[in-house]
Amino acid sequence: MAKRALLLLPLFLLLGGCETLMPEPWVKPYERHYLADPIMSFERDPVAAGYMNHVYEAREAARGAEGGSGGGCGCN
Amino acid sequence: MAAIDRAKIFAAIIGFWLPASLIAAVLPEERADTMYHSYSGGGVTIDGPSILVRKNVGNKLSLSANYYVDMISGASIDVQATASRYSEQRDEFSLGADYLVDKTTMSLNYTNSSESDYQAETVGFGIAQDFFGDLSTLSMRVSFGSDDVMRNGDEDFLEQAEHRRYSIGWSQILTQKLIAELSVETVADEGFLNNPYRSVRYLDPNAGSGFSYQAELYPTTRNSDAVALRAKYRLPYRAAVKSEYRRYADSWGISADNLELRYTHPLEQENVILEGKLRFYKQSGADFYSDLFPYLNATNFRARDKELSDFTSTAIGIGASYLLPDRWSLFDRKNTVNLYWDYVMFDYDNFHDVRVHDGDSAYLPGEEPAYSFNAHVVRLFWSVWF
């Protein structure tokens, strides 16, 4: 399995170097005004989002994969 | 054609002056947040301040500092049932640094959390890379935490626990109005992982109530995996919806799913952003959880922590963010005041309310009503951008 993956490596390098085969970024920088609106961020306020993750982590067994505002609460 | 070109140039200028992380790798916003937070429910109130300041040094380095306090008062159902107690205050200090090189952001952070019976230190390192015309961001983070667990009233009790977290995130702009993010995180815990005060109950024919208590005993390792997919979509008018789903499973036999939907609606004339959310959470409990064990030392491991039981929680939340007019703004900067309120309903399937035995009880052990409670969560904060 590992050998087969190694054999594919040159192919990926070739593809990486051959820009014509790669798709173009399809949303241009000047087309991102909707995305740049603050209402489009996943969490606008880190202090508030971090606190809610702390509440959930203290009350629920599940933890992790909270995105940018996670990281554990250091509490029991 | 000329009109289209002008529109493109205008959009490019807007893009240049709106340094959201969606545009390119940038340092986080320079701002200070002062928050009062409160959690109240199940007989307990936990509240306190949180102050977060973030400032740039030069144009490549961003430093942050956070001071956070949990002040605990009241008595939870565990305290009422077995007279165990918790510390009254937790203080947490965090320091962080983010360093930007071209399209790569590297971050280091340190957190120290201190209670009368619990000390925790965590260090973390993260790296994020923008690529593919800045449509994609790949981020990775590792952290290591080391805890000292103590027990108030028992000078000889000292245990250790360690936590290692590994996460990967992929953020992707999909269309002009849609962005999605995939997060995966593995956590490995090792050491003393249970609460040194909490007890489990077991059937005891010699006890008046029909049951007695003994100390909890958890495994000394726990490995968990979580994967989350979230997306945000800009509606045809200026408003946004967010959806998020997370799946969780761990080596204790716990599995959980949660789903969140959020709606963000600005009122431009009033300088207000309104938000509403719904969140559903459901978990199946740990293999070694039981509300009532059949006899003393019935199993190798034992827990009666309601957070390890089968339960669901449903949350509704509303909030508003108000951009202060210039005449009220401090330091001639952008200022907002924000208020968010969440109402969370916890319904436990196999955690029973033993407080019914306080008086003359007609309930047999294990046949008490299932426990449930509702909590209010409040976040009130003022933010100023430098």
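## Let's talk about the overall build of chain B
Each helix and strand counted, chain B has two helices and 18 strands in total. Partitioning the intrachain contacts of chain B with sequence separation of at least 6 by distance along the chain shows that 57% fall at a separation of at least 24.

## A short note on the overall build of chain A
Along its length, chain A carries three helices and zero strands. For chain A, the sequential pattern of α-helices and β-strands runs α-α-α. Put simply, chain A has 76 residues, and 38% of those count as buried.

## Some words on the nonpolar core
The nonpolar side chains of soluble globular proteins are, as a tendency, buried together. Judged by nonpolar contacts, the single largest core of 23 residues is most densely connected at Ile254(B), Ala256(B), Ala286(B), Ala303(B) and Leu308(B). When contributions to this core are tallied by element, the ones reaching two or more residues are β6 (118–131), β10 (199–203) and β12 (221–234) of chain B. When near neighbours in sequence (up to four residues on either side) are disregarded, Ile254(B) contacts Ala61(A), Gln283(B), Ser284(B), Gly285(B), Ala286(B) and Leu308(B). The next biggest cluster of nonpolar side chains, apart from the first, holds 11 residues, and it includes Ile46(B), Val344(B), Phe351(B) and Ala375(B).

## Regarding the interface of chain A and chain B
Residue-level contacts link 33 residues of chain A with 71 residues of chain B. Contributing elements (two or more residues each) for the side of chain A that touches chain B: α2 (33–36) and α3 (46–59) of chain A. Of all the elements, α3(A) adds the most residues to the side of chain A that touches chain B, at six residues.

## Let's talk about the confidence of the model for chain B
All names here are of chain B. A residue-level look at chain B finds 92% of positions with pLDDT of 70 or above and a mean pLDDT of 91. Throughout residues 1–23 the model reports pLDDT below 50, and contacts reaching past four residues in sequence, or to other chains, amount to 28 contacts. Confidence estimates for the predicted assembly give a pTM of 0.88 and an ipTM of 0.91.

## A closer look at unusual backbone geometry
All names here are of chain B. Of note in the backbone geometry, Asp102 takes a positive phi value of approximately 55 degrees without being a glycine. Among the secondary structure elements, Asp102 is positioned in the loop between β4 (89–101) and β5 (104–115). With a phi angle near 65 degrees, Asp134 is a residue other than glycine that sits in the positive phi range. As for its placement among the helices and strands, Asp134 is situated in the loop between β6 and β7 (136–151).

## A short note on the pairing of strand β2 (residues 44–57) of chain B
Note on strand geometry: in a regular strand, side chains alternate between the two faces of the sheet. Residues and elements named next belong to chain B. Taken together, the 11 bridges between strand β1 (residues 31–41) and β2 define a ladder with antiparallel strand orientation. Looking at the pairing, Gly41 lines up with Val44 of β2. Between the end of β1 and the start of β2, which pair antiparallel, lie two residues, with Gly42 showing a positive phi angle near 65 degrees. In terms of strand pairing, β2 meets strand β3 (residues 61–74) through 12 bridges, oriented antiparallel. Residue pairing across strands places Lys55 opposite Leu63, the latter belonging to β3. Linking two consecutive strands that pair antiparallel, namely β2 and β3, is a turn of three residues; a positive phi of about 70 degrees is found at Gly58 within it.

Definitions and cut-offs
Residues numbered from 1 in each chain as written. Chains lettered and ligands numbered in written order. Predicted model: local features only at pLDDT ≥ 70, side-chain atom pairs only at ≥ 80, totals over all residues. Helix = DSSP H or I, 4+ residues; strand = E, 2+ residues; numbered from the N terminus. Contact = placed C-beta atoms within 7 Å. Buried ≥ 20, exposed ≤ 12 C-beta atoms within 10 Å, placed from the backbone. Core = buried A, V, L, I, M, F, W, Y, C linked by C-beta atoms within 7 Å. pLDDT = per-residue confidence, 0-100. Pairing = 2+ DSSP bridges.

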